[in-house]
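Reading the structure
Take a look at the letters that make up each chain.
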Amino acid sequence: MNDRELGCAGGQFMDRGRMNQNGVVQPLLTDLYQITMAYAYWKSDKTDDTAVFDLFFRNNPFHGEFTIFAGLEECLKFLDSFHYSQSDIEYLKQTLPEGIEHEFFEYLGNLTARDVTLYAIDEGTVAFPRVPIIKIEGPLIIVQLLETTLLTLVNYASLMATNAARYRMVAGKHVKLLEFGLRRAQGPDGGLSASKYSYTGGFDGTSNVLAGKLFNIPVKGTHAHAYITSFSSIGELKTRLIKHKQTGILEDLLEHAVRHRSLLSHLLDVSTEESSEGELAAMVSYAIAFPDGFMALVDTYDVKSRETEQANTEPKLINDIKSENSPPKPKTSPSTNGHQNGQAVGHVNGHKTNGHQNGVAQNNGSRSPKDTDIQDTKIPSTTTTKTTATATGTLKTTTVSNGTAYLPKYVEKSFRSGLLNFSAVALALNDLGYHALGIRIDSGDLAYLSCLARETFEKVAERFKVPWFNKLTIVASNDINEDTILSLNEQGHKIDCFGIGTHLVTCQRQPALGCVYKLVEINGQPRIKLSQDVEKVTMPGNKNAYRLYSADGHALIDLLQKVSEPPPAVGQKVLCRHPFQESKRAYVIPSHVESLYKVYWKSGKICQQLPTLEQVREKVQISLKTLRNDHKRTLNPTPYKVAVSDNLYNFIHDLWLQNAPIGELS
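So, here's what we can say about the structure. (Residues numbered from 1 in each chain as written. Predicted model: local features only at pLDDT ≥ 70, side-chain atom pairs only at ≥ 80, totals over all residues. Heavy atoms only, no water.)

1. Section: the pairing of strand β19 (residues 473–476)
This is how the line gets drawn: Note: two strands are recorded as paired if DSSP finds a minimum of 2 bridges between them. Secondary structure follows DSSP: runs of H or I at least 4 residues long count as helices, runs of E at least 2 residues long count as strands, and numbering of each begins at the N terminus. Note on handedness: a clockwise path from strand one over the helix to strand two, with the strands aimed away from the viewer, defines a right-handed crossover.
Strand direction decides the pairing type here: strand β18 (residues 438–441) and β19, joined by four bridges, are parallel. Looking across to β19, one finds that Arg440 is bridged to Val475. Where β19 meets strand β20 (residues 497–500), two bridges bridge the pair, whose relative direction is parallel. Across the sheet, Val475 pairs through a bridge with Cys497, a residue of β20. Each parallel crossover has a hand, and for β19 linked through helix α17 (residues 482–491) to β20 it is right-handed.

Right, dumping it as structure tokens:
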């Protein structure tokens, strides 16, 4: 459906109708008490009453000091399509209590949002507690009926955009962020919203194909471990031929890969017997399918963290130290069944395999390269403590002592199968004119493994004279959260892209923003909600909001005023007061004043040219740049100040005294 440009006094109006409208968002997507209140208002002859409601939140999420406002476009689409269908009316007749007059249902059937006016800050703007992000004016009954739906459209959208923006800040501007959370989201609608608003907050793409179609978000992905484990040997390859990119001549990709694997084995000091033939077959197969987009998962077999390596080798190391001068004992190879230590165990080149073939190759009677490395490595007798980011997104502290310190040569042998096979297939593709994209790591010590992968790629680039190998992308995934990225940054990782799912889309650190929708004026008379909890006392009356800036361009304070007050002026001293603490006040001389509210809906039409999703995404980053760094830091951020004018302060407290009951002592 094309946008319809409609003329209106004072400017152009854009009516998008139901374009990309979520069919679930309709008037019945509300709480029952909104409709029962509507009937009670109607019964009380309040159909001509007008009201003002403020939609705001009381606290910033994630222990931070800012929130990104999102969801405005969906709110406007909802207003544009607001109408109770005949089937809605029939359902309400069956559902509401008996005795409701028939005329009320006729009244509902004729309701639209034509007489509603919606003011809002721009979508993608940084917002702060107590400053209304949306202000609704109109007939009491209709603006009451809008409450629940507007809240559900704004709450999660703003929470998700804020969460994504925080990930973007800790990751830095040069690291790519991909949203991988559809399978962990709260249902299909939650998954689509997560994809849309994570992109708004600063992510670079999503794995969600439908979100890509609906919102024009870049869609990215690799493959699952299932694809690797679906192959157990190179004999399962049905297709081995691929056309050379330049000549068009068919060549055997597997043959090239096997040849390169043999050469790489010496360069990387990894035996081909330690790599999985099934994994090699899977990678060759995937490369044939996507020769220009070959991105492989490399941790299906034998990825270990440093802690695992140290724990597994500690008894061996101690025995080696104790028996340094003793005669060597012959080694025996234990028989294995199934999987050992969570890894597939087998033999290569036709030998008997238990579990996946070549998961970790062990040859009977042969000496493992690991044993040589252990004997050749000097063991320092020191005690160290280190903190690493684990694959589950948690921080782990390990104390290493008595000769069990980090052993570089030994640990290099972890991660061997995937890196060896990937590099072999990537070089094979290079022979035929194609460039691989990179790898994904989904488990293990992400900082260490990413550094090991980058070091491997640099070796290959130098040895085989393929400079582009230095630039291969390293993607990391698996339950990554904000703290994980901060820890990885401290450790000096080499990750180019994070795939983030569960912690992002479920907002595990804070699953709800807590926006509220409060009546502040009816028929021109202010209304205040009192509470023993000062945080829940509302700021009454119809208000305007302004953002005051310092000379260096940073936002200083948000100021709320009565609509009857003149706006603050540049260069003029303004008294800003805490709304509820009398002693907290300060004069501000702004270098720039921004009026936060625009009229987005009036007379049944959208009153602003709505930005694209890309423009909202850019707005987020521009708005965040107006905040000082101490407001945005993850640890103990400085609270951003929200104030009221002196006039509004006195108005609030006078109304408070008028409405607060006077106690009696006896």
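2. Here's the deal with the packing of aromatic side chains
Quick reminder of the rule: The aromatic pairing rule takes the rings of Phe, Tyr and Trp, using the six-membered ring of Trp, and pairs them if the centres are within 6.5 Å, calling planes under 30 degrees apart stacked, those over 60 edge-to-face and the rest tilted. We call a residue buried when its accessible area falls under 20% of the maximum for its residue type, exposed when it is over 50%, and partly exposed in between, using a 1.4 Å probe and counting protein chains only. Only when the NZ atom of a Lys or the CZ atom of an Arg is both within 6 Å of the ring centre and within 35 degrees of the ring normal do we say a charge sits over the ring.
Counted under the stated rule, the structure contains 18 aromatic pairs. The interplanar angle of 15° and the centroid separation of 3.8 Å between the aromatic rings of Phe128 and Tyr640 together place this pair among those described as stacked. Remark: Tyr640 occurs in the loop between α20 (629–632) and β30 (641–645) and Phe128 occurs in the loop between β6 (126–127) and β7 (134–139); sequence separation between them is 512 residues. Residue Tyr640 is classed as buried on the basis of its relative accessible area, which comes to 8%. Taken together through their ring pairs, the aromatic side chains of Tyr39, Trp42, Phe104, Phe105 and Tyr107 make up a single cluster. Seen from the ring of Tyr587, Lys573 lies directly overhead, with NZ or CZ sitting 4.8 Å from the centre. In this structure, Arg617 is placed above the aromatic ring of Tyr199, and the distance from its NZ or CZ to the ring centre is 4.4 Å.

3. Topic: the sheet that holds strand β23 (residues 543–549)
We count it as follows: To obtain an axis, a line is fitted to C-alpha atoms, over the contacting stretch when the element is a helix, and the angle between two such axes runs from 0 to 180 degrees between their N-to-C directions.
The strand order across the open sheet built from six strands is β26-β25-β30-β24-β23-β27, with neighbouring strands paired in mixed fashion. The outermost strands of the open sheet, each flanked by one partner alone, are β26 (585–588) and β27 (592–595). The mean angle between the axes of side-by-side strands here comes to 35°, regardless of whether they run parallel or antiparallel. In this sheet, strand β24 (residues 555–562) lies alongside β23 in antiparallel orientation, the contact comprising seven bridges. Counterpart to Tyr546 in the pairing with β24 is Leu559.

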